[in-house]
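# Observations on chain architecture
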Amino acid sequence: MAKAAKATKTKAPEKNHTFLYQGTDKKGAKVKGEISGKNPALVKLELKKQGINAKSVNRKLVINIGGKKKITTMDVTIFTRQMATMMKAGVPLVQSFEIVADGLDNPTMKEVVLSIKSEVEAGNNFAGALRKYPQHFDDLFCSLVDSGEQSGALETMLERVAVYKEKAEALRLKIKKAMKYPISVLVIAAVVTGILLVKVVPTFKSLFDGFGAELPAFTLFVLAISDWVQAKGFLLVIFIAAIITGYKEGRKRSPAFNALADRVTLKLPIVGDIAYKATVARYSRTLSTTFAAGVPLIEALESCAQAAGNTVYRDAILRIRDDVSTGQQLQFAMRATGIFPSMALQMVAIGEESGALDAMLDKVATYFEAEVDNAVDGLTSMMEPMIMSFLGVVIGGLIIAMYLPIFQIGAVV
């Protein structure tokens, strides 16, 4: 029995590595470069097939300070688009992995792609290989690829997944850009204000001590703030850091806190409207992509719930799924939740009546993505003068408070 078990034990596929080679081509000219392979012997064999007589083959040493580079959603999006392009051009699946991996800038993503290639070469299917990396490829991604493999239309399905990922990534980056600008400016303003209160204001205070006259109330107020910042400013920094850390951890660990934060976000002025439109666009895009791929509506709604990005809509979509599973039409199930706009409901109704639900949902997604773009542009345009005014009041107020006593003395003289 032990021998039988030993015999059936399969060896794990050897991972690909990057090798540096030097040699001569068919004309005797010296050549050198990089190539991906499992070991030096196989690399030399591959180079020989390409007409290169390798003199030296050495594994490339990669020094990565700080650990592996993180794989972002943009890396996954680029990988999906390139795989769709390769497959559409008729390149075999395994060869497509090699070509795409060679063009990736992120070494961690390259390692993942080569590992997927090894899985496929070992006999596993594409979707099964992707499911070994759930942190990068979600259930929706894997299900669509699996559907493409089973239907024999993998290149078409990869194209749809690529379009879906690109639209979702563009929407995410647009919102992130809108939030990044004011936050970065406010952080810089806080740092500059802190430097003024800790370094500049105390210099003026020592000068004012020699005046022997009563200082204006505004100046005394700023001096009091400066004294507090110097004495207990670290408590404010710790308090802010604790709030940010607590918010992030609450989002990760507490479903109740996560649900509360999502509800509050939807009710915020301006930001809530953007979050609302972005969630509707994400729901419509996901449902359109999955339904067009031939995924049953119940399973498609399950994928939409996971990709909603907001617990309020996630719970509502799960209720829609339950209603649809009992035979209710999608438009009525969506209307019963009370959180979808009338435009989306009407388009879904038209799609169900005409048998073109995926096309109507695609139009809904496109419309609300454009709405998000307009809202974000409007928010950015509105916040620029507001932030400039805020900086002017804060920084200008500190400067006026310090020079006000000097102006008063000059007026008396």
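Summarised in this report is the structure supplied together with it.

Here is what the cut-offs are and how they apply
Residues numbered from 1 in each chain as written. Predicted model: local features only at pLDDT ≥ 70, side-chain atom pairs only at ≥ 80, totals over all residues. Heavy atoms only, no water. Helix = DSSP H or I, 4+ residues; strand = E, 2+ residues; numbered from the N terminus. Contact = heavy atoms within 4.5 Å. 1 Å grid on protein atoms, 1.4 Å probe; cavity = no way out; pocket = protein on both sides within 12 Å on 5 of 7 lines; lining within 4 Å. Points joined across faces, edges and corners; volume = space filled by probe spheres on them. Nonpolar A, V, L, I, M, F, W, Y, C, P; charged D, E, K, R; others polar. Phe/Tyr/Trp six-rings, centres within 6.5 Å; stacked < 30°, edge-to-face > 60°. Buried < 20%, exposed > 50% of the residue type's maximum accessible area, 1.4 Å probe, protein only. Expected span 1.5 Å × (residues − 1). Salt bridge = Lys/Arg side-chain N within 4 Å of Asp/Glu carboxyl O.

## Quick notes on the environment of alanine 275
By the element assignment, alanine 275 lies in helix 11 (residues 271-292). Sequence separation between alanine 275 and alanine 307 is 32 residues; the distance between their C-alpha atoms is 14 Å. What alanine 275 contacts, discounting residues up to four positions off in sequence, is Thr265 and Leu266.

## Thoughts on the layout of surface pockets
Volume-wise, the largest pocket comes out at about 1,600 Å³. Thr73, Ala168, Arg172, Arg282 and Gly309 are the residues nearest the centre of the largest pocket, which is lined by 39 residues in total. Counting only elements with at least two residues in the lining of the largest pocket, the list comes to helix 3 (73-88), helix 8 (154-209), helix 10 (255-267), helix 11 and helix 12 (297-307). With twelve residues, helix 8 is the single largest residue contributor to the lining of the largest pocket. Per-class residue counts for the lining of the largest pocket are 17 nonpolar, eleven polar and eleven charged.

## Some thoughts on the packing of aromatic side chains
On inspection of all chains with the given rule, the structure shows nine aromatic pairs. Seen in terms of ring centroids, tyrosine 367 and phenylalanine 368 are 5.1 Å apart; in terms of plane orientation they differ by 85 degrees. Their pairing is edge-to-face. For phenylalanine 368, a relative accessible area of 5% gives the class buried. Chaining the aromatic ring pairs together yields one cluster made of Tyr276, Tyr283, Tyr313 and Phe340.

## Structural notes on helix 11
In a regular helix each residue adds 1.5 Å, so 22 residues correspond to 32 Å; helix 11 covers 31 Å between its end C-alpha atoms and thus fits that length. Counted residue by residue, helix 11 has 16 buried out of 22 residues, so it is predominantly covered. Following helix 11 by one or two positions, glycine 294 has its phi on the positive side, about 90 degrees.

## As for the pattern of salt bridges
Evaluated as defined, the whole model comprises 15 salt bridges. Notably, a salt bridge pairs arginine 81 with glutamate 159, separated by 2.9 Å at the nearest N-O pair. Separated by 78 residues along the polypeptide, arginine 81 in helix 3 and glutamate 159 in helix 8 bring together distant segments of the chain. Taking the shortest distance from any N to any O, the salt bridge between arginine 314 and aspartate 315 comes out at 3.2 Å. The partly exposed category is assigned to arginine 314, whose relative accessible area is 35%. Residue classification places aspartate 315 among the partly exposed positions, given a relative accessible area of 32%. In the salt-bridge network here, residues are joined through shared partners; they are Arg81, Glu159 and Glu166.

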